[in-house]
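# Observations on the model geometry
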Amino acid sequence: MNVSCRRGQEWLFRDFSFSVKPGELVWLRGQNGSGKTSLLRIVAGLSRPEAGTLTLAGGRPGAYIGHANALKDDLTVTESLVFLARLHDLESSAQGIRDALRTLAIHHRRHAIVRTLSQGQRRRVALARLALEREPSLWVLDEPFDALDVHGIEAVNRLLVAHLARGGSVLLTSHLALGLPGNLVTELELPVEGAS
Amino acid sequence: MSGGVFTLVAGRDLRLAGRRRFEALLPVVFFIVAASLFPLGVGPEPQVLRQIAPGVVWVCALLAAMLSLNTLFASDFQDGSLEQMLLSRHSAVFIVAGKALAHWILTGLPLILAAPVLGVLFDMHANSILTLVAGLMLGTPVLSLLGGIGAALTLGLRSGGVLILLIVLPLCIPVLIFGAGAVGMVDMGLSASGHLSLLGALLLLSLVAAPPAAAAALRISMS
């Protein structure tokens, strides 16, 4: 992939090239405003690059989780996850949903209205969708560890490792250090355009 | 497969409205209150009320339908649900159509059910009320479908609520003319079939053209 992106008159990045191989996790790093989220949105297919090309095996990522959790305040945790699962043609049986929530240790709140959850609990519900994924696809995750406590981070790390083990790949941003074995992680720095 | 996402999105929107019943009732309450003000302002003369009734009911229906348009995509846009919908493997056309259906069930259908009451209030004849209801059944889905285009185009914009009105109201003028005109024809002892047929044609045209247009507008707004 070789892409350029502009915000207004200002280039965020130009001719930025990288690849994500099966079984590889790429940790995209960069200063605030360097265009990490913009790059992830381009990879996810939500935005178009100003220039350049993007080639994805399978045509699109298997999962994209952005800053927003895509949960409705007035639905229950289970209803929210069932909606997301059906939207993406994932397993949506009661047992499957319960197991996914258990993976993120949030199953005890499965009947709770989303409005009553803390930010960390909402993030866990949003990430529980990843536990429903079975395909070795590309996951694009924007600050997935935001608002998570240590146990939540460990649960997400287990999901990431399992996904890599089945041949999946991950492109993520995180301002937190990743608690994953170094051999699984490829660091990629997004340069600040115009910096020497 | 994409038909599944149509019912999935419509069902979710109806469920959400069920959890916020007060908000869901606002358009029909506005419709009844606004239309009820006219007899108070114009006077109780039955002949005058009967004459202005079709126009008043249609204009109030149009404004009531517009009332909830700015929320059609806004909450899904803010909480990230819209991103997930557009990234699904399903066509965005079916997603937009599902949301328009839910909007019509929550806004258009209550207006149709309330219209006969307003017809009696305005001393309309039974045949005129039937024609008014038939016109609303054909016309209100058009308002929801065209409204979807406006809501998609103004997504994320400041003053989006006002812009929707400026975009959608001119597009709805034919619906208003043929809907009110149909009742006028019946009042004159003529057939309303021509006006209703034109409303039907507008509905078919909107069904075919509006969801793809709104889906394209959504993609532009999201990027």
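Now for a description of the structure that goes with this document. Remember, it's a predicted structure, so these values are computed and weren't measured experimentally.

This paragraph deals with the overall build of chain B. Helix and strand counts for chain B stand at 9 helices and 0 strands. Taken from N to C terminus, the helices and strands of chain B fall in the order α-α-α-α-α-α-α-α-α. The C-alpha atoms of chain B give a radius of gyration of 18 Å, which matches the 17 Å a tight globule of 223 residues would have. Every one of the 223 residues in chain B was classed for burial, and the buried ones make up 49%. Once local pairs closer than 6 in sequence are excluded, the contacts in chain B between residues at least 24 apart make up 82%.

Another aspect to go through is the overall build of chain A. Each helix and strand counted, chain A has 5 helices and 8 strands in total. Overall, chain A shows an N-to-C arrangement of helices and strands of β-β-β-α-β-β-α-α-α-β-α-β-β. Relative to the globule expectation of 16 Å for 196 residues, the C-alpha radius of gyration of chain A, 17 Å, shows essentially globular dimensions.

This part covers the sheet that holds strand β3 (residues 25-29) of chain A. Residue and element names in this part refer to chain A. Judged by pairing direction, the sheet is parallel, and its 5 strands sit side by side in the order β5-β6-β7-β3-β8 without closing on themselves. The strands lining the two open edges of the sheet, one partner per strand, are β5 (63-65) and β8 (185-189). Across the sheet, the mean angle from the axis of one strand to that of its neighbour is 15 degrees, orientation sign disregarded. As judged from the 5 bridges shared by β3 and β8, these two strands associate in the parallel manner. Residue pairing for β8: R29 is matched across the bridge by E189.

A separate point is the sheet that holds strand β1 (residues 2-7) of chain A. Hydrogen bonds between backbone atoms are what pair the strands of a sheet, whose relative direction is either parallel or antiparallel. Residues and elements named next belong to chain A. Across the sheet, 3 strands lie side by side as β2-β1-β4; this open sheet has antiparallel pairing. With partners counted over all chains shown, the strands left at the sheet margins are β2 (10-17) and β4 (51-53), one partner each. For this sheet, the mean inter-axis angle between neighbouring strands, taken without regard to orientation, is 20 degrees. Bridge analysis of β1 against β4 gives 3 bridges, and the strand direction is antiparallel. Counterpart to N2 in the pairing with β4 is T53.

This part takes up the interface of chain A and chain B. Taken together, the 20 residues of chain A in the interface contact 18 residues of chain B. Among the elements that line the side of chain A that touches chain B, the one with the most residues is helix α2 (residues 77-87) of chain A, at 4 residues. Each residue belonging to the side of chain A that touches chain B can be placed in one class, and the counts come to 10 nonpolar, 5 polar and 5 charged.

Quick look at the nonpolar core now. Grouped together as the largest cluster of nonpolar side chains are 127 residues, with contacts concentrated most on L81(A), V57(B), A61(B) and L218(B). For this core, the leading source of residues is helix α6 (residues 92-121) of chain B, giving 14 residues. The residues contacting A61(B), other than those within four sequence positions of it, are F31(B), L111(B), L136(B) and T140(B).

Turning our attention to the environment of T140(B). All names here are of chain B. Looking at where T140 falls in the secondary structure, it is placed in helix α7 (residues 126-153). Placed 79 residues apart in sequence, T140 and A61 show a C-alpha to C-alpha distance of 8.0 Å. With near-sequence residues (within four places) excluded, T140 lies in contact with A61, A65, W104, G108, L111 and I112.

Turning next to helix α1 (residues 36-44) of chain A. All names here are of chain A. α1 sits mainly inside the fold: 8 of its 9 residues count as buried. Along α1, the residues classified as buried are K36, S38, L39, L40, R41, I42, V43 and A44. Of the residues trailing α1, G45 is marked for its positive phi of about 95 degrees.

Right, let's talk about the packing of α7(B) against helix α9 (residues 193-222) of chain B for a bit. Residue and element names in this part refer to chain B. Between α7 and α9, whose axes approach to 8 Å, the crossing angle comes to 15 degrees. Taken together, the axes of α7 and α9 are roughly parallel relative to one another. For the element pair α7 and α9, the recorded crossing hand is left-handed.

Now for the environment of G55(B). Residues and elements named next belong to chain B. Assignment of secondary structure puts G55 in helix α3 (residues 46-67). Given 17 C-beta atoms within 10 Å, G55 falls into the partly exposed group. For the pair G55 and I164, spaced 109 residues apart in sequence, the C-alpha to C-alpha distance is 22 Å.

Moving on, we get to the pairing of strand β7 (residues 169-173) of chain A. Residue and element names in this part refer to chain A. Most of β7 is tucked away, with 5 of its 5 residues classed as buried. The side-chain alternation of β7 yields two buried faces, one formed by S169, L171 and T173 and the other by V170 and L172. Pairing analysis gives 4 bridges linking β3 to β7, with the strands arranged parallel. When the sheet's bridge partners are listed, V26 is paired in β7 with L171. Sheet topology note: the strand β6 (residues 138-142)/β7 ladder contains 5 bridges and is parallel. If you follow D142 over to β7, its bridge partner there is T173. Since β6 and β7 lie parallel, the crossover through helix α5 (residues 150-165) that links them has a hand, and here it is right-handed.

Basis of the calculations
- Residues numbered from 1 in each chain as written.
- Chains lettered and ligands numbered in written order.
- Predicted model: local features only at pLDDT ≥ 70, side-chain atom pairs only at ≥ 80, totals over all residues.
- Helix = DSSP H or I, 4+ residues; strand = E, 2+ residues; numbered from the N terminus.
- Rg over C-alpha atoms; globule rule 2.2 N^0.38 Å.
- Buried ≥ 20, exposed ≤ 12 C-beta atoms within 10 Å, placed from the backbone.
- Contact = placed C-beta atoms within 7 Å.
- Pairing = 2+ DSSP bridges.
- Axes fitted to C-alpha atoms, helices over the stretch in contact; angles between N-to-C directions.
- Nonpolar A, V, L, I, M, F, W, Y, C, P; charged D, E, K, R; others polar.
- Core = buried A, V, L, I, M, F, W, Y, C linked by C-beta atoms within 7 Å.
- Parallel < 35°, antiparallel > 145°, perpendicular 65-115°, else oblique.
- Left-handed = near helix turned anticlockwise from the far one by under 90°.
- Right-handed = clockwise from strand over helix to strand, strands pointing away.

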